[in-house]
Amino acid sequence: MGSDYDRESELKAFDDSKAGVKGLVDAGVTKVPRMFIHSQHNPHEMSVSTNTEISIPIIDLEGVHSDTIRRAKIVGEVRNACETWGMFQIFNHGIMESILEQMIQGIRGFNERDIEVKKEFYTRDFSKKVIYVSNFDLFQSPVATWKDSFCCIIAPNPPEPTDLPEECRDIIMEYSKQVTMLTNTLLELAAEAIGLKSNHLKDMECADGVYLIGHYHPACPEPELTLGTKIHTDPSVLTVLLQDQVGGLQVLHENQWVNVNPVPGALVINTGDLLQLVSNDMFKSAKHRVLANHKEPRVSVGSFFSPLFLSSSKLYGPIKELLSEENPPKYKEITVKDYHAFHKEMGLDGTSALQHFKLLFGNEDDEGLEQPSRSVYEV
């Protein structure tokens, strides 16, 4: 590329088109535009595990509500998965496969609509309840990723159904209702796994705020030059991820990338940063990414559970019942809004925002910790 490259103009032209990455593919691009090229992305920087016996835990939730012995076993499996991986898959979770498929098809259907229909939703006003956008941090990040995203607030103040695209209007509401019920169960299991009463995390309002994001990763002509989603951790308490059968999601485990292979009917559960914080590092928030692929579009739907949207000034820190002289607090108490603001400022650079809120030597001395500014959460 020549030195006369004008990145700002390229970004502006891309954003002004309101066509997203799908628009580039529809226009017949055969080369990845420079704004998407990850010069620092080296597939060999961290190896991808070739050991087919290494995979994230898969947990069967059958009997979780009816069999106390079975539930105790599930709690142990959840504890192990959250401590060692920060990610696991679940099946027999109570949501019918037909609902999962309708949710995937709803997001796919919207993204494959005529561009003029999608333009009505395209915006960078993240205060809106319903948005369609390509790359939340397009003008802040040094490089873009190969995806378009449909997003909406589910709780506590969802949009009117008529404000949602007709392709996914009904299924978003039904799917989100069922995922919220499931997440309440998962929070019970997580609380029991760290030795607390079942309702402890729910009483902290951990499931009272929900944000849904449907990602659409078009087929990429040069997938080795870019990423579908950059390396990051989720700023949520828990994330429930529905993915189609295309693949591409990877989690970092023991300095190796491990493929999170799709399992029909299963859901992927991520331990988020806020759960790592309140558990005082008992649970880990896993770094993960999505690879681009040249074969076919990939669709995923993430439901992010966080108290962010509750407009609360409540402080969150390591749960006091977990602390002792041997296990002092590792993080300062913060508001969720401050955490998300700092997470946004950092961007998805592969570094956990949690490090900014670590206490020094296990005490609550804030000296040397810059206070984060407030800004709109982008996810």
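Since the model is a prediction, treat every value here as computed from it, not as a measurement.

What counts as what
- Residues numbered from 1 in each chain as written.
- Predicted model: local features only at pLDDT ≥ 70, side-chain atom pairs only at ≥ 80, totals over all residues.
- Heavy atoms only, no water.
- Helix = DSSP H or I, 4+ residues; strand = E, 2+ residues; numbered from the N terminus.
- Contact = heavy atoms within 4.5 Å.
- Areas by Shrake-Rupley, 256 points an atom, 1.4 Å probe, with all protein chains shown as cover.
- Salt bridge = Lys/Arg side-chain N within 4 Å of Asp/Glu carboxyl O.
- Pairing = 2+ DSSP bridges.
- Axes fitted to C-alpha atoms, helices over the stretch in contact; angles between N-to-C directions.
- Parallel < 35°, antiparallel > 145°, perpendicular 65-115°, else oblique.
- Nonpolar A, V, L, I, M, F, W, Y, C, P; charged D, E, K, R; others polar.
- Left-handed = near helix turned anticlockwise from the far one by under 90°.
- Phe/Tyr/Trp six-rings, centres within 6.5 Å; stacked < 30°, edge-to-face > 60°.
- Buried < 20%, exposed > 50% of the residue type's maximum accessible area, 1.4 Å probe, protein only.
- Lys, Arg positive; Asp, Glu negative; His and termini not counted.

J.: Help me understand the overall build of the protein, please; the structure alone is not making it clear to me.
T.: Looking only at helices and strands, the protein features nine helices and 14 strands. Of all intrachain contacts in the protein linking residues separated by at least 6 positions in sequence, the fraction that spans at least 24 positions is 77%. Surface summary for the protein: the accessible area is close to 16,800 Å², and the carbon and sulfur share equals 50%.

J.: So what exactly am I meant to see when it comes to the pattern of salt bridges here?
T.: It is possible for side chains of opposite charge to pair when their charged atoms get near one another. This model, assessed by the stated rule, comprises 15 salt bridges. In this structure, the salt-bridge partner of Lys31 is Glu222, at a minimum N-O distance of 3.6 Å. Pair noted here: Lys31 is in the loop between helix 2 (20–26) and strand 1 (58–60) and Glu222 is in the loop between strand 5 (210–217) and strand 6 (227–232), with a separation of 191 residues, a long-range link. Measuring nitrogen to oxygen at the nearest pair gives 2.7 Å for the salt bridge that ties Glu192 to Arg71.

J.: What is the right way to read the sheet that holds strand 2 (residues 87–91) from this model?
T.: Whether parallel or antiparallel, the strands of a sheet pair through hydrogen bonds between backbone atoms. Strand order in the open sheet made by the eight strands is 1-2-10-7-12-5-4-3, with mixed pairing throughout. Of all the strands in the sheet, the pair left with one neighbour each is strand 1 and strand 3 (130–133). Each adjacent strand pair in this sheet contributes to an overall mean axis angle of 25 degrees, direction not counted. The strands touched by helix 3 (residues 68–84) are strand 1, strand 2 and strand 10 (267–271); relative to strand 1, the strand with the most contacts, the crossing angle is about 165 degrees. Set on the sheet, helix 4 (residues 97–111) makes contact with strand 3, strand 4 (148–155), strand 5, strand 7 (238–243), strand 10 and strand 12 (298–305); between it and strand 12 the angle comes to about 110 degrees.

J.: What is the right way to read the packing of helix 3 against helix 6 (residues 169–193) from this model?
T.: Pairs of packed helices are described in terms of their axes, by the angle between the two and the distance that separates them. Across the interface, helix 3 lies against helix 6 with an axial gap of 9 Å and an inter-helix angle of 80 degrees. Taken as axis vectors, helix 3 and helix 6 run roughly perpendicular relative to one another. Along its contact with helix 3, which presents Arg71, Ile74, Val75, Val78 and Arg79, the element helix 6 presents Glu188, Leu189, Ala190, Glu192 and Ala193. When grouped by side-chain class, the residues that make up the contact of helix 3 with helix 6 number six nonpolar, no polar and four charged.

J.: I would appreciate a short explanation of the packing of helix 4 against helix 6 in the present structure.
T.: Between helix 4 and helix 6, the shortest axis-to-axis distance is 10 Å and the interhelical angle comes to 135 degrees. In terms of orientation, helix 4 lies oblique with respect to helix 6. Handedness of the helix 4/helix 6 crossing: left-handed. Contact residues: helix 4 offers Ile99, Leu100, Gln102 and Met103, while helix 6 offers Ile171, Ile172, Glu174, Tyr175 and Gln178. Split by residue class, the contact of helix 4 with helix 6 holds six nonpolar, two polar and one charged.

J.: I would appreciate a short explanation of the side chain of Thr271 in the present structure.
T.: With respect to the helices and strands, the residue Thr271 is situated in strand 10. Sequence-distant contacts of Thr271, defined by excluding residues within four places in its chain, comprise Cys82, Gly86, Val237, Leu238, Phe283, Lys284, Ser285 and Ala286.

J.: Just to check I follow, could you spell out unusual backbone geometry for this structure?
T.: One can expect most non-glycine residues to show negative phi and most peptide bonds to be in trans. Following Ala155, the chain continues to Pro156 via a peptide bond in cis, the omega torsion being 10 degrees. Position of Pro156 relative to the elements: it lies in the loop between strand 4 and helix 6. Notably, Glu254 is not glycine yet its phi reads approximately 50 degrees, a positive angle. When you line up the elements, Glu254 lands in the loop between strand 8 (249–253) and strand 9 (256–259). For Asp281, which is not a glycine, the phi torsion comes out positive at approximately 75 degrees. Within the fold, Asp281 resides in the loop between helix 8 (273–278) and strand 11 (288–291).

J.: Looking at this structure, I do not really get the packing of aromatic side chains. What am I missing?
T.: Evaluated as defined, the whole model comprises nine aromatic pairs. Seen from their ring centres, Phe14 and Phe36 are 5.6 Å apart, and the 85 degrees between their planes marks the pair as edge-to-face. Linking Phe14 in helix 1 (residues 7–17) with Phe36 in the loop between helix 2 and strand 1, this pair joins segments that are 22 residues apart in sequence. What makes Phe14 buried here is its relative accessible area of 6%. Judged by relative accessible area, Phe36 falls into the buried class, the value being 0%.

J.: How should I be thinking about the side chain of Lys118 in this particular structure?
T.: By secondary structure assignment, the location of Lys118 is in helix 5 (residues 115–119). Nearest to the buried, unbridged Lys118 among oppositely charged side chains is Asp148, at 5.5 Å. Aside from chain neighbours lying at most four places away, what touches Lys118 is Lys22, Phe110, Asn111, Arg113 and Tyr132.

J.: Got a minute to help me understand the sheet that holds strand 8 in this structure?
T.: The four strands are arranged 6-11-8-9 in an open sheet whose pairing can be described as antiparallel. Each edge of the open sheet carries a strand with a single partner, namely strand 6 and strand 9. Here the average twist between neighbouring strands, direction ignored, is 30 degrees. Sheet topology note: the strand 6/strand 11 ladder contains three bridges and is antiparallel.

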